[in-house]
Amino acid sequence: MSTSTEASALAIDDRTASLLFRDAHTAYAFTDQPVTDEQLAAIYDLVRHAPTAMNSQPLRITYIRSEAAKARLLPLLAEGNRPKSASAPVVAILAADTDFHENFARVLPQLPGAKEKFADDDARAQAAKFNASLQAGYFIIAARAAGLDAGPMGGFDKAGIDAEFFAGTALRSLLVVNLGYVTESGRNPRNPRLEHDEAVTVL
Ligand SMILES: Cc1cc2nc3c(=O)[nH]c(=O)nc-3n(C[C@H](O)[C@H](O)[C@H](O)COP(=O)(O)O)c2cc1C
């Protein structure tokens, strides 16, 4: 397990920090061990608390688990990504609901005019993508918190997935995330990360 000189500044224990961040890697090949419904429910129970602009919560998650659903998904992935998803017991398609504003009366009751602020289709689609992408980051951390390995992938036919899985809806695909338990050889060595002073400015 990795340790860090920064660990003492954290409010979570070192094991948890390593599980969620330091030792967690993008996974490319998975064992046969299944992902349970309880784990999927536990993931969303964490993700739902992620902050979004005006509590808009545009992320929608579609889990692909059956062989029939996998057969619909795999041809729409970049060729090199197909074996990765084929080996995953569950694949999540993360999408942004561009009609998230329909929920404001329930999720932001203190601001009755919230829906009207998002009347413009382009601005709403952009807000949906931005906020759902934030939620997607939380989704990966939540999957790790549920003891799973995650393999996010942007290499897929976006229009194809939208047509195959989201036809007639306001959902627009953002990211495909393979979920399960990584094999011995199913992850790459860590590539260099930028140092604190390269990425952070304190004014
Ligand atoms: C938005 C996004 C898109 C990605 N797309 C792909 C992809 O299409 N195929 C793939 O094999 N890996 C993909 N990756 C995986 C990244 O290359 C990987 O997360 C990164 O190199 C860090 O690897 P590490 O977690 O092992 O340090 C993607 C990751 C993210 C977050």
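Residues numbered from 1 in each chain as written. Predicted model: local features only at pLDDT ≥ 70, side-chain atom pairs only at ≥ 80, totals over all residues.

Okay, the overall build of the protein chain next. When helices and strands are counted, the protein chain shows eight helices and four strands. If you list the helices and strands of the protein chain from N to C, you get α-α-β-α-α-β-α-α-β-α-β-α. Here the C-alpha radius of gyration of the protein chain, 18 Å, is about what a compact globule of 203 residues would show, namely 17 Å. Projected onto its principal axes, the C-alpha positions of the protein chain cover 50 × 50 × 35 Å. Counting over 203 residues, the protein chain shows a buried share of 32%. When contacts within the protein chain are restricted to residue pairs at least 6 apart in sequence, those whose partners lie at least 24 apart make up 80%. (Helix = DSSP H or I, 4+ residues; strand = E, 2+ residues; numbered from the N terminus. Rg over C-alpha atoms; globule rule 2.2 N^0.38 Å. Buried ≥ 20, exposed ≤ 12 C-beta atoms within 10 Å, placed from the backbone. Contact = placed C-beta atoms within 7 Å.)

Around the ligand lies a shell of 13 residues, among which H25, T26, M153, G154 and G155 are the nearest. Of the residues assigned to the shell around the ligand, the class counts are four nonpolar, seven polar and two charged. (Near = placed C-beta within 6 Å. Nonpolar A, V, L, I, M, F, W, Y, C, P; charged D, E, K, R; others polar.)

Ranked by internal contacts, the top residues of the largest apolar core, which has 41 residues, are V91, L94, A136, F139, A143, V177 and L179. Where this core is concerned, the elements lending two or more residues are α2 (37-47), β1 (59-64), β2 (90-97), α6 (121-145) and β4 (171-180). Per-element tally for this core: the top contributor is α6, with eight residues. L179 has contacts with V35, A88, V90, V91, A92, A143, L148 and A150, leaving out every residue within four places of it along the chain. (Core = buried A, V, L, I, M, F, W, Y, C linked by C-beta atoms within 7 Å.)

Our focus in this paragraph is the UniProt feature "domain: Nitroreductase" (unreviewed entry) in the protein chain. If you check UniProt for "domain: Nitroreductase" (unreviewed entry), the listed places come out as residues 25-181 in our numbering. In residues 25-181, helix accounts for 39% and strand for 18%; the two terminal C-alpha atoms are 11 Å from one another. (UniProt positions renumbered as here; feature names shortened; annotations may be inferred.)

On to the pairing of β2, then. The element β2 is extensively covered by neighbouring structure, given that eight of its eight residues are classed as buried. What you see with β2 is no split at all: V90, A92, L94 and A96 on one side and V91, I93, A95 and D97 on the other are buried throughout. For β2 and β4, the ladder comprises eight bridges, and the chain directions are antiparallel. Bridged to V91 within β4 is N178. (Pairing = 2+ DSSP bridges.)

With that settled, consider the sheet that holds β1. Across the sheet, four strands lie side by side as β1-β2-β4-β3; this open sheet has antiparallel pairing. The strands lining the two open edges of the sheet, one partner per strand, are β1 and β3 (149-153). Averaged over neighbouring strand pairs, the angle between their axes works out to 30° when direction is ignored. By the bridge criterion, five bridges tie β3 to β4 in an arrangement that is antiparallel. From the neighbouring strand, A150 faces β4, where its bridge partner is L179. (Axes fitted to C-alpha atoms, helices over the stretch in contact; angles between N-to-C directions.)

Moving on, we come to the environment of G155. Relative to the elements of secondary structure, G155 occurs in the loop between β3 and α7 (158-166). When the 12 C-beta atoms within 10 Å are taken as the criterion, G155 is described as exposed. Sequence spacing of G155 and E102 is 53 residues, and the spatial spacing of their C-alpha atoms is 30 Å. Excluding residues within four positions of it along the chain, G155 makes contact with L77, A78 and N81.

Close contact between α2 and α6 brings their axes to 9 Å; oriented N to C, the two are set at 135°. Taken as axis vectors, α2 and α6 run oblique relative to one another. In terms of crossing hand, the pair formed by α2 and α6 is right-handed. Within the contact between the two elements, α2 uses I43, L46 and V47 and α6 uses Q135, Y138, F139, A142, A143 and A145. Here the contact of α2 with α6 is composed, by residue class, of eight nonpolar, one polar and no charged. (Parallel < 35°, antiparallel > 145°, perpendicular 65-115°, else oblique. Left-handed = near helix turned anticlockwise from the far one by under 90°.)

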